[in-house]
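# Chains, contacts and geometry: an overview
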Amino acid sequence: MLACEVCGQALSSEAAVRRHLRRTHPGRQPRCPLCGAAAPGCEELRRHIEAAHPEPGPPGGRCPELAVGLPECPFCGEAAGRELEAHVRARHGHLLGAPGAGTGSGEQLYECPMCSLTCTNIQILEEHVDLHLQEQSFSEGGNMRDLELAQRLQTEEDKWQRSEEEKQEREEFKKLQKQYGLDNSGGYKQQFLKNMEREVDRGRMQPFEYHRRKADMMECLAFGIDDGKTKTSGVIEALCKYYQNENKDVRHVWLSTGVDHFQSSLGDRGWGCGYRNFQMLLSSLLQNSSYNDCLKDTTLIPSIPKIQSMIEDAWREGFDPHGASHFNNRLHGSKAWIGACEIYSLLTNLRIKCQIIDFHKPTGPMGTHPRLFEWVLRYYSTENEGGAKVVCTSKPPIYLQHQGHSRTVVGIEEKKNKTLCLLLFDPGCPSQEMQKLLKQNSDGTSLKLLRRFVGSLKEKQYQIVAVDGVLSLEEKAARCHASQVLTSEKIP
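Residues numbered from 1 in each chain as written. Predicted model: local features only at pLDDT ≥ 70, side-chain atom pairs only at ≥ 80, totals over all residues. Heavy atoms only, no water.

## Thoughts on the pattern of salt bridges
We count it as follows: The salt bridge criterion pairs a side-chain nitrogen of Lys or Arg with a carboxyl oxygen of Asp or Glu, the two atoms within 4 Å. Every helix listed is a DSSP run of H or I at least four residues long, and every strand listed is a run of E at least two residues long, numbered separately from the N terminus. Three exposure classes are used, based on accessible area relative to the maximum for each residue type with a 1.4 Å probe and protein chains only: buried under 20%, partly exposed in between, and exposed over 50%.
In this structure the tally under the stated criterion is 13 salt bridges. As a salt-bridge pair, Arg451 and Glu413 come within 3.0 Å of each other at their nearest N and O atoms. Of the two residues, Arg451 is situated in strand β13 (residues 451–453) and Glu413 in strand β11 (residues 405–415); the sequence distance between them amounts to 38 residues. Of the two residues examined, Arg451 and Glu413, each falls in the buried class. Among the salt bridges present, the one from Lys436 reaches Glu433, with a minimum N-O distance of 3.3 Å. Here Lys436 falls in the partly exposed class, since its relative accessible area comes to 35%. Taking the relative accessible area as the measure of exposure, Glu433 reaches 27% and is therefore partly exposed. Among the ionic contacts, a cluster of salt bridges with common partners joins Glu209, Arg212, Asp216 and Lys229.

## Concerning the side chain of Glu312
Short version of the rule: His residues and chain termini do not enter the charge count, which takes Lys and Arg as positive and Asp and Glu as negative. The contact definition used throughout considers only heavy atoms, calling two residues in contact when any of these lie within 4.5 Å.
Topologically, Glu312 is positioned in helix α10 (residues 304–317). The charged side chain of Glu312 is buried without a salt bridge, its nearest counter-charge being Arg316 at 4.2 Å. Setting aside its immediate chain neighbours within four residues, Glu312 contacts Asn329, Arg330, Leu331 and His332.

## Observations concerning the pairing of strand β10 (residues 398–402)
Each regular strand displays side chains that alternate between the two surfaces of the sheet. Rule in force here: Following DSSP output, two strands are said to pair if at least two bridges run between them.
Judged by how many residues are buried, β10 sits mostly within the fold: 5 of 5 residues are covered. On β10, burial covers both faces: Ile398, Leu400 and His402 on one face and Tyr399 and Gln401 on the other are all buried. Of the pairings in the sheet, the one linking β10 to β11 comprises 5 bridges and is antiparallel in character. Within the sheet, the bridge partner assigned to His402 lies in β11 and is His405. Connecting β10 to the next strand, β11, in antiparallel fashion are 2 residues, including Gly404 with a positive phi near 90°. Direction of pairing for β10 relative to strand β14 (residues 462–470): antiparallel, over a ladder of 4 bridges. In the sheet register, His402 faces β14, and the bridge partner there is Tyr462.

Shown next as structure tokens:
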């Protein structure tokens, strides 16, 4: 509690003190009623009076002269002159701290029930109490209005904050949808036509070429087969010849057989790497008689929209429902990216035995993955050990996935110093560059397109899908059931 420096009235806060001073004591400053000395507050005024003006002596004693210009009591304004000191002590002694202050003249004193101020006039006391009540009412009403205003402002701020967060979430979601081809902006066909139109506008394609390629595309889409315009065949055979005759620093090299390279085209540039890598894998499987029964209905390389439909078929069979829900059970007609889980579901639905291996963290210095290279070496060299420098195995290529991109492992080199080097087909590599590998007089410089050493693969995580045989119908059903919660083998 705080007290008024002029009259000593108890007040609840500094704001209440200021309001009280403005209303009750405008322009007043506590001064000594006997000598006129100014005091900072009532407590200091009390000490001044007790020290400078002690109790009056016997009758006839000399009293201090009153200060000129102070004819009234600073507390109530009633008394003045020589009687002022006695008046102050008698009427306002409790404000000065004098114990037992009372009515020396026998007058009735009325005490305020709210601040203990005493008055000789009941009307003055009533007016004084009314001031208390008005002040309290104003304070309570002001506090209530302030509280309501604060609550309203806080509510509006919270509403605005939620609105901004929801807006940001929607924008981020749209960005992700666009990034992963889930923004309903069309699929392979729409992008192919749009990019050809852009080429015509830029003068890079003649209108007759546009219409010819459009007709070819529509025909291929109708039959569900790839047009083969981005395919490069014969690279593996060219590599076998090169390693047998050249490259003295290679001790051994293992290669998958019959893998065709497929480059991303105008219709899938920027999002189709997963589909193109499946085409590369399938091109090898179609040349391996062990998989004839599984692929009897797939004798030609399917187009990307057809692959999307094949993945949807796997989802309808019950494979990977969680992954299917991520795409809202729909791929066809979209530019949605696919990864290792979709490739696994597709292959398993075709009764092709495969597994997902997750190299979920680096296993070597500088963020490298030597365990990945060692795994690939075991994959190719098991059952293919011997003294031959070049081994064209029956092992299918490996689907290799990392964040934002995927490639196909078609072989591995073991150098004479025991270092390992993966050989990769990248859908982003232009067909013109891949065709340089087919030249008989190649000096090996084009192999830079394929070679990846341990220090070249530094993504945080890699996943591979490796094929290893054929499934029976019972095994397929069991794997379908197990894929309700799709898991992988983690290394390490």
